[in-house]
Amino acid sequence: MELDDDYAIDFFEDVLNELENNSDDYHEIKKQETRDSFKIMEDFANTAQIDEKFRIKLQTALEREKPFSNFKTCIDNSDYRDDWFSFKSSWMQKWVKDQVERDLEE
């Protein structure tokens, strides 16, 4: 089933009304920029509890052309896949928390 704009508006009408009527109760979380996503991968490669050979492999992947694709290929074919997703999840939670805290300070 393909969603058209009218269906989407009807479907989300209650949510849109809630956001519009109570906007002070919500925080907009901005999308990460490419450099932020790269920083997550770089932090993992540099700080995670992984063997040195794999660390070098990840660092090399990030230095080559198409670093996102290279990093994903390395992770998906490794024993560290779950570690990566856990690391990324923690990093993303901190990202959201930091944005909310900044909003509250303003």
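Before reading further, recall that the structure is shown in the block above.
In this text the structure is predicted, and so the values were computed from the model without any measurement.

### Quick look at the packing of helix α3 (residues 34-47) against helix α6 (residues 81-105)
Axis separation between α3 and α6 bottoms out at 10 Å; the angle between their running directions is 130°. Judged on the interaxial angle alone, α6 and α3 are oblique. The way α3 lies across α6 gives a crossing that is right-handed. Across the interface between the two elements, Asp36, Lys39, Ile40, Met41, Asp43, Phe44 and Thr47 from α3 touch Asp83, Trp84, Phe87, Lys88, Trp91, Met92 and Trp95 from α6. Considered class by class, the residues forming the contact of α3 with α6 number 8 nonpolar, 1 polar and 5 charged.

### So, the packing of aromatic side chains
Counting across every chain of the model gives 7 aromatic pairs. A centroid spacing of 4.8 Å and a plane angle of 70° characterise the contact between Phe71 and Trp84, whose relative ring orientation is edge-to-face. Residue Phe71 is found in helix α5 (residues 67-76), and its partner Trp84 is found in helix α6; the two are separated by 13 residues along the sequence. The exposure class of Phe71 is buried, given its relative accessible area of 2%. The class for Trp84 is buried, based on a relative accessible area of 8%. Ring geometry for Trp91 against Trp95: centres 6.3 Å apart, planes inclined by 15°, an arrangement best described as stacked.

### So, the packing of helix α4 (residues 52-63) against α5
Relative orientation of the contacting elements α4 and α5 amounts to 155°, with a least axis distance of 7 Å. Comparing the axis directions of α4 and α5 gives the class roughly antiparallel. Of the two possible hands of crossing, α4 and α5 adopt the one that is right-handed. Of the residues in α5, those in contact with Phe54, Lys57, Leu58, Ala61 and Leu62 of α4 are Pro67, Asn70, Phe71, Cys74 and Ile75.

Conventions used here
Residues numbered from 1 in each chain as written. Predicted model: local features only at pLDDT ≥ 70, side-chain atom pairs only at ≥ 80, totals over all residues. Heavy atoms only, no water. Axes fitted to C-alpha atoms, helices over the stretch in contact; angles between N-to-C directions. Helix = DSSP H or I, 4+ residues; strand = E, 2+ residues; numbered from the N terminus. Parallel < 35°, antiparallel > 145°, perpendicular 65-115°, else oblique. Left-handed = near helix turned anticlockwise from the far one by under 90°. Contact = heavy atoms within 4.5 Å. Nonpolar A, V, L, I, M, F, W, Y, C, P; charged D, E, K, R; others polar. Phe/Tyr/Trp six-rings, centres within 6.5 Å; stacked < 30°, edge-to-face > 60°. Buried < 20%, exposed > 50% of the residue type's maximum accessible area, 1.4 Å probe, protein only.

These figures capture arrangement, not role.
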